[in-house]
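Observations on chain architecture
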Amino acid sequence: QVQLVESGGGLVQPGGFLRLSCVASGFTLNWYNIGWFRQAPGKDREAVSCIKSSDGRIYYADSVKDRFLISKDNAKNTLYLQMDRLKPEDTAVYYCAAAEQSIGSSWYHDYGMEYWGKGTLVTVSS
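Here is a short report on the structure shown in this document. Note that the structure is predicted; figures quoted are calculated from it, not measured.

Examining the state of the cysteines
If you walk through the whole model with that rule in mind, you get 1 disulfide. Unpaired in this structure, Cys50 has its nearest cysteine sulfur neighbour in Cys96, at a distance of 9.7 Å. With relative accessibility at 0%, the residue Cys50 sits in the buried group.

Here is the structure:
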């Protein structure tokens, strides 16, 4: 019954922009630690941006700081990731993830997440 569905990926040129969406069903997204992760070919999955539910703290990876913006619409139970000034190294499958509880700093690590979407592919290339 718990489901996360990402959308919005695609092919974009360097310097371009995309907005990813993640629609949650089966639970109230606002009450969970939520975030975006990505995995490029041959690399480990890494956190991109996450929101801690208890206090609203937001994490951004240094590589996306000042370029990406995470947000959510509680009424629509939807999480967003606005990605601007995209770089080729941003190319990856992007995943939406959530967890009801996270210990310590796990709220912005993949091992701290309980539910995962199937991912949406972002390709940044000229």
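The structure having been displayed, the exposition proceeds.
Let's talk about the pattern of salt bridges
Inspection of the entire model under this criterion finds 4 salt bridges. Across the salt bridge formed by Arg38 and Glu46, the nearest N and O atoms sit 2.9 Å from each other. On the basis of relative accessibility, which here comes to 5%, the residue Arg38 falls in the buried class. The class for Glu46 is partly exposed, based on a relative accessible area of 31%. We note a salt bridge from Arg38 to Asp90, for which the minimum N-O separation is 2.9 Å.

Definitions and cut-offs
- Residues numbered from 1 in each chain as written.
- Predicted model: local features only at pLDDT ≥ 70, side-chain atom pairs only at ≥ 80, totals over all residues.
- Heavy atoms only, no water.
- Disulfide = S-S within 2.5 Å.
- Buried < 20%, exposed > 50% of the residue type's maximum accessible area, 1.4 Å probe, protein only.
- Salt bridge = Lys/Arg side-chain N within 4 Å of Asp/Glu carboxyl O.

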